[in-house]
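Okay, here's what each chain looks like letter by letter:
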Amino acid sequence: LVAQFQPKIMAGRKVVLTAGPTFEAIDPVRGITNSSSGKMGYALARALARAGAEVVLVSGPVALPAPAGVRRVSVRGALDMRDAVFAALPGAEVFIGVAAVADYRPQQRAEHKIKKAEGGLELVLTPNPDILAEVAALPNPPFCVGFAAESRELDAYAESKRRAKGLPMLVGNLVQDALGADDNEVVLYDDNGRYPLGRAAKDELARRIVEHLATLLAGGEM
Ligand code: CTP
Ligand code: CA
């Protein structure tokens, strides 16, 4: 009900976002993954939909229902996530990378289950594509927002990530504050500076992030 009374500050804008971890298969039953509950990305998708945006949520494996009013595309590995993102991009004004994309995947995926009786297992890992960096490097890119989860020196790492990927906006948090929790403490970085959004429930932080984003899209400064 509350949703109906939120100002539709994102009306008429299409947003594609990624959320959750990716799962990189070793064989049909095993794989490697990252720690991510998907809660922050899902909260953001919900806040964007409430603000009137058309939302496509490209999600890795998580235990969360699709938010109302959001089109969810479920994927497993980073390569599938990249394909789904590029398929959803036409018409999008904004791309937000919230997913904890695995930086590596096993070079070979065994067709059949590996039997442990065969002994130890050596994995060769190959780097995954950086989905956010690829989208931001498109000739006519959407407005790109990154997330950075760091374990220390948040300001330095967040700003250098933002510059390295050429992002107009990045949301940073310390992992020890956030993983799996319902609340979080984040800092926003854009071309004009650093904006601590404080500690709050992920839903409330998502609302504040969407407010900041809508202001930047409208050509304003916070
Ligand atoms: N990202 C992505 N594709 C990847 C890796 C990261 O789209 N293969 C996005 C994430 O969704 C996030 C941002 O890039 O929005 C930063 O991710 P992060 O893991 O913090 O940074 P990396 O560039 O991967 O650097 P590192 O893990 O070494 O800190
Ligand atoms: Ca990474």
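Cut-off values and rules
- Residues numbered from 1 in each chain as written.
- Chains lettered and ligands numbered in written order.
- Predicted model: local features only at pLDDT ≥ 70, side-chain atom pairs only at ≥ 80, totals over all residues.
- Heavy atoms only, no water.
- Helix = DSSP H or I, 4+ residues; strand = E, 2+ residues; numbered from the N terminus.
- Rg over C-alpha atoms; globule rule 2.2 N^0.38 Å.
- Buried < 20%, exposed > 50% of the residue type's maximum accessible area, 1.4 Å probe, protein only.
- Contact = heavy atoms within 4.5 Å.
- Expected span 1.5 Å × (residues − 1).
- Donors = N, O, S within 2.8 Å, 3.2 Å for Na, K, Ca; no water.
- Patch = residues over 30% accessible without salt bridge, like charges linked within 9 Å, V, L, I, M, F, W, Y side chains within 5 Å.
- Areas by Shrake-Rupley, 256 points an atom, 1.4 Å probe, with all protein chains shown as cover.
- Salt bridge = Lys/Arg side-chain N within 4 Å of Asp/Glu carboxyl O.
- Near = heavy atom within 4 Å.
- Polar contact = N/O pair within 3.5 Å; in protein donor to acceptor, adjacent residues only side chain to side chain.
- Axes fitted to C-alpha atoms, helices over the stretch in contact; angles between N-to-C directions.
- Parallel < 35°, antiparallel > 145°, perpendicular 65-115°, else oblique.
- Left-handed = near helix turned anticlockwise from the far one by under 90°.
- Nonpolar A, V, L, I, M, F, W, Y, C, P; charged D, E, K, R; others polar.

Under an unreviewed UniProt entry, the name given to the protein chain is Coenzyme A biosynthesis bifunctional protein CoaBC, and the organism recorded is Pseudothauera nasutitermitis.

Q: Sorry if this is basic, but what is going on with the overall build of the protein chain here?
A: Each helix and strand in the protein chain was counted, giving six helices and 12 strands. In terms of overall dimensions, the protein chain is globule-like: its C-alpha atoms have a radius of gyration of 18 Å, near the 17 Å expected for 222 residues. For the protein chain, buried positions account for 44% of its 222 residues. Within the protein chain, residue pairs in contact and separated by at least 24 positions form 61% of the contacts whose partners lie at least 6 positions apart.

Q: Whenever I open this one, helix α1 (residues 39-50) confuses me. Can you help?
A: Owing to its 3.6 residues per turn, the α-helix aligns residues three or four sequence positions apart on the same side. With 12 residues, α1 extends 16 Å from end C-alpha to end C-alpha; this agrees with the ideal 16 Å at 1.5 Å per step. The element α1 is largely enclosed, with a buried count of nine among its 12 residues. Immediately beyond the C-terminal end of α1, within one or two residues, lies G52, with a positive phi of roughly 95 degrees.

Q: Would you take a moment to explain the coordination of the calcium ion (ligand 2) for this structure?
A: Ideal geometry at a metal centre: 109.5 degrees between donors when four sit tetrahedrally, and 90 or 180 degrees when six sit octahedrally. For the calcium ion (ligand 2), the full set of protein donor atoms is D103 (OD) and D103 (OD), and the range of their distances to it is 2.5 to 2.6 Å. Here D103 is to be found in the loop between β6 (94-97) and β7 (104-106).

Q: What am I meant to see in a nonpolar patch on the surface here?
A: Nonpolar side chains collect at one region of the surface, where Y104, L121, L123 and L125 lie side by side and expose about 380 Å² of accessible area between them. Within the fold, Y104 resides in strand β7.

Q: What should I look at first to understand the site of ligand 1 in this one?
A: Close to ligand 1 lie 13 residues; G97, A99, P129, K161 and K165 are nearest. One of the side-chain nitrogen or oxygen atoms of K165 is found 2.8 Å away from an oxygen atom of ligand 1. The protein chains hide 75% of the 570 Å² of surface that ligand 1 would expose on its own. Contributions of two or more residues to the shell around ligand 1 are made by α3 (131-136) and β9 (143-150). In terms of residues, the shell around ligand 1 owes the most to one element, β9, which gives three residues.

Q: I keep staring at the environment of A19 and nothing clicks. Help me out?
A: Examined against the element boundaries, A19 turns out to sit in strand β1 (residues 14-19). Taking the C-alpha atoms as reference points, A19 and L179, 160 residues apart in sequence, are found 13 Å from one another. Look past the residues within four positions of A19 in its chain and what remains in contact with it is G41, Y42, L57, V58, S59, G60, M81, V98 and A99.

Q: Sorry if this is basic, but what is going on with the packing of α1 against helix α6 (residues 202-217) here?
A: A packed helix pair is summarised by two numbers, namely the angle formed by the two axes and the spacing between the axes. As a packed pair, α1 and α6 sit with axes 8 Å apart at the nearest point and diverge in direction by 55 degrees. In terms of their interaxial angle, α1 and α6 are classed as oblique. For the pair α1 and α6, the crossing hand works out as right-handed. Contacts between α1 and α6 involve K39, M40, A43, L44, R46, A47 and L48 on the former and, on the latter, K202, D203, L205, A206, R207, I209, V210 and L213. In the contact of α1 with α6, the residues fall into 10 nonpolar, no polar and five charged.

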